[in-house]
Amino acid sequence: MRLVLLLVAIVALAGCSAVDQDVDHLQQQQDAISAAIKKIQVVHGPAVKGHPQFTALGRAEGYCFNRPNSTGGAVVHGDGLRAAAYRKYGDQVDAIVNTTVWFVEDDDYGAFEPYTEGGYFECAGIAVHFTGESAPAVQPAQPPTS
């Protein structure tokens, strides 16, 4: 009987260590995604300052606040715009251009004032990869030496 209990305890502990390894692996993946998406620039216009040449990767859509480049708070519905672009295109994404945002109602009835009903914001843009050289930084003009 003791041998059976000992075997059950060993199997249970082995199962727990596998779960801990899975949790650690998922945490490492999430940390890597968080670090990668911090580098992605989000702009409203068609170009990224300092990067005149880029290749369009494709459209990306995600959940956001009322501004696609917002960094405050937590997105509770799913991937933010940066994370959605990263999951779709990987490390190739350097920026997201031409962003738009819209409100999605999730109530069964209309509201009297905009954005007073239940709902959330979604946003989209074009994920791009920088190509070529970055534009040089503009240096202030130096007076000629005499």
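Our subject is the structure that appears above.
The notes below deal with the structure included here. Nothing here was measured: the structure is a model prediction, and the numbers come from that model.

1. Notes on the nonpolar core
Phase 1 of the analysis: Judged by nonpolar contacts, the single largest core of 16 residues is most densely connected at Ile37, Ile40, Leu81, Ala85, Tyr86, Val93 and Ile96.
Phase 2 of the analysis: Counting residues per element, the ones that place at least two in this core are α1 (2-38), β2 (54-64), α2 (81-89) and β4 (119-130).
Phase 3 of the analysis: Per-element accounting of this core gives the leading share, five residues, to α2.
Phase 4 of the analysis: Formed by five residues, the second largest nonpolar core is a distinct cluster that contains Val48, Ala95, Val97 and Val128.

2. A few points about α2
Phase 1 of the analysis: Residues of α2 that are buried include every one of Leu81, Ala83, Ala84, Ala85, Tyr86 and Tyr89, and no others.
Phase 2 of the analysis: Just past α2, the residue Gly90 takes up positive phi, approximately 70°.

3. Looking at the pairing of strand β3 (residues 95-105)
Look at any regular strand and the pattern is simple: side chains alternate between the two faces of the sheet.
Phase 1 of the analysis: Taken together, the two bridges between strand β1 (residues 41-42) and β3 define a ladder with parallel strand orientation. Of the residues in β3, the one forming a bridge with Gln41 is Ala95.

4. Some points on the sheet that holds β4
Sheets are built from strands that pair by backbone hydrogen bonding, the pairs being arranged parallel or antiparallel.
Phase 1 of the analysis: The strand order across the open sheet built from four strands is β1-β3-β4-β2, with neighbouring strands paired in mixed fashion. Two strands bound the open sheet, and with one partner strand each, they are β1 and β2.
Phase 2 of the analysis: Examined bridge by bridge, β3 and β4 share nine bridges and lie antiparallel to one another. Bridging across to β4, Val97 finds its partner in Ile126.
Phase 3 of the analysis: Along the sheet, α2 makes contact with β1, β2, β3 and β4, crossing β2 at roughly 130°.

5. Considering the packing of aromatic side chains
Phase 1 of the analysis: According to the stated counting rule, one finds one aromatic pair in the structure shown.
Phase 2 of the analysis: Their ring planes at 70° and their centres at 5.2 Å tell us that Phe103 and Phe121 sit as a pair that is edge-to-face. Here Phe103, found in strand β3, pairs with Phe121, found in strand β4; they are 18 residues apart in sequence, far enough to count as distant.
Phase 3 of the analysis: With relative accessibility at 21%, the residue Phe121 sits in the partly exposed group.

Definitions and limits used
Residues numbered from 1 in each chain as written. Predicted model: local features only at pLDDT ≥ 70, side-chain atom pairs only at ≥ 80, totals over all residues. Heavy atoms only, no water. Core = buried A, V, L, I, M, F, W, Y, C linked by side-chain atoms within 4.5 Å. Buried < 20%, exposed > 50% of the residue type's maximum accessible area, 1.4 Å probe, protein only. Helix = DSSP H or I, 4+ residues; strand = E, 2+ residues; numbered from the N terminus. Pairing = 2+ DSSP bridges. Contact = heavy atoms within 4.5 Å. Axes fitted to C-alpha atoms, helices over the stretch in contact; angles between N-to-C directions. Phe/Tyr/Trp six-rings, centres within 6.5 Å; stacked < 30°, edge-to-face > 60°.

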